[in-house]
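Per-entry structural report
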Amino acid sequence: LSGTVVTGSGTGVLGDSKTFKTFSTADGYYLYDATRGKGVYTYDGRNQTRIPGTLWLDADNRFGASYDRAAVDAHTYAAWTYDYFRNVHNRNSYDNAGAELVSTVHYGRSYNNAGWTGSQMIYGDGDGYNFRAFSGSLDVVAHELTHAVTDFSADLIYQNESGAINESMSDIFGTLTEYHFNNNPDWLMGEDIYTPGTPGDALRSMADPTLAGDPDHYSKRYIGTQDNGGVHINSGIGNKMAYLLANGGTHYGVKVNGIGNTKVGKIMYRTLTQYLTPTSNYSHFRASAIRAATDLYGASSAEVAAVKQAFSAVGVY
Ligand SMILES: CCC(=O)Oc1c(C)cccc1C(=O)O
Ligand SMILES: [Ca+2]
Ligand SMILES: [Zn+2]
């Protein structure tokens, strides 16, 4: 593509205005951000399931149509998530070598899912009742991109306990990214796109996983074959741990002294990229997080003590 970097503007899924980098060419304006790594590219799936689809092209660099909204948010939030990993963790895209960030929106027909395919992000439009367009939630976009970071680091196998940790890491960095940009932050996942008609609910709660029927203690873990061995269920154990580690609290009689989001981010990033392996289970997650916190803050630090407390509070030793 030959052209120049310009700034486009448009409306997101929630009706909010935002600006983002686009590429001005003789054909018009592409949703291609040439300022981040090897580029952020947003495609139109045209409600088919062929990916990536068509690189998004707009005539006047104003993305105000309702059909544009999912693309505006996928493009903007992928850029924000790139910035979070770059500026906070010094990681240049998911491969730490500036890999292209590719998203396809309008994937499928009323598709109630989002995902990382192994090489790109895909976002359904939702059916309008259970879900709105999935890219409309920053925590969802950052969740999907964190799957890519995980695949290029610990590469946690996506089943059973390693899969639950994989899922929890995506929820953790989805939430930390939402707080980093102060984007109506909370410890809920997908609240912005879940059941548009019901305010206040979410896909999952990290503060209280039991609200979605997920375990908040290792003794209550799901042992079965559904959901790849409960990867979106047993993620509640790691999510509750992270919530307590950041905010503090007493859980099943165990007191945790909170250390704040920034330190949780540093410990979890080092745990994910230096110590976890494809077959790590929750016990190894505990040992890895203690090692990461020890590297960062010292063996006798309050941070290391808090990590031990947080894992003990969810019954992981
Ligand atoms: C919070 C984002 C999320 O959970 O996305 C998924 C959905 C909505 C369905 C199936 C899988 C995923 C995933 O990315 O794990
Ligand atoms: Ca959230
Ligand atoms: Zn996931």
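The present account deals with the structure reproduced in this document. Since we're looking at a predicted model, the values are computed, not measured. Residue positions within a chain follow its written sequence, with the count starting from 1. Working convention: letters from A go to chains and numbers from 1 go to ligands, in the order in which they are written. Whole-chain, interface and lining totals are the exception, using all residues; otherwise, since this is a predicted model, local features are given only for residues with pLDDT of at least 70 and side-chain atom pairs are given and counted only at 80 or more. Processing note: side-chain calculations cover all non-hydrogen atoms of the structure and skip hydrogens and water entirely.

**Here's the deal with the overall build of the protein chain**
A tally of helices and strands in the protein chain yields eight helices and 15 strands. For 317 residues, the compact-globule formula gives about 20 Å, and the C-alpha radius of gyration of the protein chain, at 19 Å, lands near that figure. Partly exposed describes any residue whose relative accessible area lies between the buried limit of under 20% and the exposed limit of over 50%, with all areas from a 1.4 Å probe on protein chains only and scaled to the type maximum. Put simply, the protein chain has 317 residues, and 56% of those count as buried. Contacts: residue pairs with any heavy atoms within 4.5 Å of one another. Restricting the contact set of the protein chain to residue pairs at least 6 apart, pairs at least 24 apart contribute 59%. Summed over its atoms, the accessible surface of the protein chain is roughly 12,700 Å², and 46% of this surface lies on carbon and sulfur atoms. We count Lys and Arg on the positive side and Asp and Glu on the negative side, and we leave His and both chain ends out. In this description, the location of a charge corresponds to atom NZ of lysine, CZ of arginine, CG of aspartate or CD of glutamate. Side-chain charges in the protein chain split into 23 positive and 31 negative, and the spacing between the mean points of these groups amounts to 6 Å. Each helix is a run of DSSP H or I of at least 4 residues and each strand a run of E of at least 2, with the numbering of both proceeding from the N terminus. Radius of gyration: over C-alpha atoms. The globule rule applied is 2.2 Å multiplied by the number of residues raised to the 0.38 power. Every accessible area reported is derived by Shrake-Rupley at a probe size of 1.4 Å, with residue values counting cover from the shown protein chains alone.

**Focus on the environment of F85**
Tracing the chain through its elements places F85 in helix 1 (residues 69–89). The exposure class assigned to F85 is buried, which follows from its relative accessible area of 4%. For the pair F85 and T146, spaced 61 residues apart in the sequence, the C-alpha separation amounts to 9.4 Å.

**Here's the deal with the site of ligand 1**
Whether a residue is near a molecule or strand is decided by its heavy atoms; if any one of them lies within 4 Å of it, the residue is near. Surveying the vicinity of ligand 1 reveals the residues N113, A114, F134, H143, E144, H147, Y158, E167, M189, L203, R204 and H232. Between H143 and ligand 1, the recorded distance is 3.4 Å, taken from a side-chain N or O atom to an oxygen atom. Under this definition, polar contacts are N or O atom pairs within 3.5 Å; protein pairs additionally need one hydrogen-donor-capable and one acceptor-capable atom, and for neighbouring residues in sequence, both atoms have to be side-chain atoms. A distance of 3.3 Å is found between an oxygen atom of ligand 1 and a side-chain nitrogen or oxygen belonging to Y158. Here ligand 1 loses 86% of its free accessible area of 380 Å² to cover by the protein chains. Any residue with an atom within 4 Å of a point lines the site, the site being either a cavity, points on a 1 Å grid over the protein atoms alone where a 1.4 Å probe fits but cannot get out, or a pocket, an open set with protein on both sides within 12 Å along at least 5 of 7 lines. Any molecule with more than half of its atoms within 2 Å of a cavity's or pocket's grid points is regarded as sitting in that cavity or pocket. The cavity that encloses ligand 1 is the largest pocket. Element by element, the count of residues in the shell around ligand 1 is highest for helix 2 (residues 138–151), at three residues. Three residue categories are used. Nonpolar comprises Ala, Val, Leu, Ile, Met, Phe, Trp, Tyr, Cys and Pro, charged comprises Asp, Glu, Lys and Arg, and polar comprises the others, including Gly. Considering only residue class, the shell around ligand 1 consists of five nonpolar, four polar and three charged.

**Things to note about the coordination of the calcium ion (ligand 2)**
In this description, a donor is an N, O or S atom within 2.8 Å of the metal centre, a cutoff extended to 3.2 Å for sodium, potassium and calcium. Water is not part of the atom list, which can make sites seem incomplete. Coordination of the calcium ion (ligand 2) by the protein comes from D139 (OD), E178 (OE), E178 (OE), D186 (OD), L188 (O), E191 (OE) and E191 (OE), over a distance range of 2.3 to 2.6 Å. When the donors of the calcium ion (ligand 2) are listed by position in the chain, the intervening gaps give D-x38-E-x7-D-x1-L-x2-E. Linking D139 in helix 2 with D186 in the loop between helix 3 (160–180) and strand 12 (188–189), this pair joins segments that are 47 residues apart in sequence. Overall, D186 belongs to the buried group, its relative accessible area being 16%.

**Here we look at helix 1**
Every α-helix carries 3.6 residues per turn, so stepping three or four residues along brings you back to the same face. Its 21 residues give helix 1 an end-to-end C-alpha distance of 29 Å, which sits within 8% of 30 Å, the value for a rise of 1.5 Å per residue. For helix 1, the tally of buried residues reaches 16 of 21 residues, placing the bulk of the element in the interior. One or two steps after helix 1, the chain reaches N90, where phi turns positive at roughly 55°. One less than the residue count of a helix, multiplied by 1.5 Å, gives the span that helix is expected to have.

**Focus on the pattern of salt bridges**
Should a side-chain nitrogen of Lys or Arg be within 4 Å of a carboxyl oxygen of Asp or Glu, the pair is scored as a salt bridge. Counting across every chain of the model gives eight salt bridges. For D33, the salt bridge identified is with R36, shortest N-O distance 2.6 Å. The class for D33 is buried, based on a relative accessible area of 2%. For R36, a relative accessible area of 17% puts it in the buried group. Linked through salt bridges whose partners overlap, the residues forming this network are D16, K18 and D73.

**Digging into the layout of surface pockets**
The volume enclosed by the largest pocket comes to roughly 410 Å³. Lining the largest pocket are 21 residues, with A114, H143, E144, E167 and H232 sitting closest to its centre. Sorting the residues of the lining of the largest pocket by element identifies strand 10 (114–116), helix 2 and helix 3 as the ones contributing at least two each. With six residues, the top contributor of residues to the lining of the largest pocket is helix 2. Classifying every residue of the lining of the largest pocket by side-chain character gives eight nonpolar, eight polar and five charged. Grid points are joined across faces, edges and corners, and a volume is the space filled by probe spheres set on the points.

Don't take any of this as a statement about function, it's just geometry.
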